[in-house]
Amino acid sequence: REKEGLLEARQRSDKQIRELRSRVEGYRELLVMKDVEIEELKKVNESLVTENIELKTERNVLTQNLQQAKRTQDELSSKVKLASRLEAENIVVQAVPKSGKPREDDFRARQIDKLAVKFNIAKNDVAPIAGKEILMRIVDENGNVLFDVARGSGTFDLNGKETFYTAKQEILFDNSRQEVNFLYDKASEYLPGRYVMELYTDGYLMGSKSFRVK
């Protein structure tokens, strides 16, 4: 009986060993499969990392291109804006007496009943056809602007600073070298000295001319 019991126990043990060996083989196959899967995942991951680097590089290149395009656009806009500025040419300043012929260059204070300013707007094919506000400033040698609200004087913004102007008028710029005229009546005698007549539009200087009063 003991012998039979030992044989049965050995048979059970052999069976368990075979089952364990079968399980071990199954685990070994599973591990091999997992190793293969892990290698494939590593390859996929490396591919994704490479693709991600390429995408980041491409994005950086696109960002740089966009920034360069923006800078180029800003530069072109600035150049167009600068090129579209109007310029006054053939500027003439005349003293208009109550009677007699208008005089240029040096004037005597008693000869000036009105001050006449005329000029042409130079051709500019870049500038659009548009309405323009032309401002005239007459500045004496002490830096004071001839100013009389009753005669159309006022203020405008010049480089962020409120600035006085003597007179203004609105025109339609049509790129025809059109002539523009100002006739300013100071209603009082000019003090002797050197004066500068300045013309502005859109916040920039179009041209200037000086004259002297004796």
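Structure first, text after, so check above.
The structure presented is a predicted model; accordingly, all values stated were derived computationally and were not measured.

Asks: Would you mind going over the nonpolar core with me for this structure?
Replies: Ranked by internal contacts, the top residues of the largest apolar core, which has 31 residues, are Phe119 and Leu199. Elements with a contribution of two residues or more to this core: strand E1 (88-96), strand E3 (114-121), strand E4 (130-139), strand E7 (167-173), strand E8 (179-184), strand E9 (193-201) and strand E10 (204-213). Sequence-distant contacts of Leu199, defined by excluding residues within four places in its chain, comprise Ala88, Ile91, Phe119, Ile134, Leu135, Met136, Phe182, Tyr204, Leu205, Met206 and Gly207. Counting residues in each nonpolar core, the second largest holds 5 residues, with Leu135, Phe156, Leu158 and Tyr165 among its members.

Asks: Please clarify how the pattern of salt bridges should be interpreted in this entry.
Replies: Between side chains of opposite charge, a pair can form when the charged atoms approach closely. One pass over the structure, following the stated rule, counts 9 salt bridges. A salt bridge links Lys34 to Glu37; its shortest N-O distance comes to 3.7 Å. In this pair, Lys34 and Glu37 are both assigned in helix H1 (residues 2-83), 3 residues apart and thus about one turn of the helix distant. Residue class for Lys34 comes out partly exposed when judged on its relative accessible area of 41%. According to the relative accessible area criterion, Glu37 is partly exposed, its value standing at 38%. Among the salt bridges present, the one from Lys42 reaches Glu39, with a minimum N-O distance of 3.9 Å. In this pair, Lys42 and Glu39 both sit in helix H1, 3 residues apart, roughly one turn of the helix. A residue is classified by how much of its surface remains accessible, and Lys42, at 45% relative accessible area, is partly exposed. On the basis of relative accessibility, which here comes to 42%, the residue Glu39 falls in the partly exposed class.

Parameters and conventions
Residues numbered from 1 in each chain as written. Predicted model: local features only at pLDDT ≥ 70, side-chain atom pairs only at ≥ 80, totals over all residues. Heavy atoms only, no water. Core = buried A, V, L, I, M, F, W, Y, C linked by side-chain atoms within 4.5 Å. Buried < 20%, exposed > 50% of the residue type's maximum accessible area, 1.4 Å probe, protein only. Helix = DSSP H or I, 4+ residues; strand = E, 2+ residues; numbered from the N terminus. Contact = heavy atoms within 4.5 Å. Salt bridge = Lys/Arg side-chain N within 4 Å of Asp/Glu carboxyl O.

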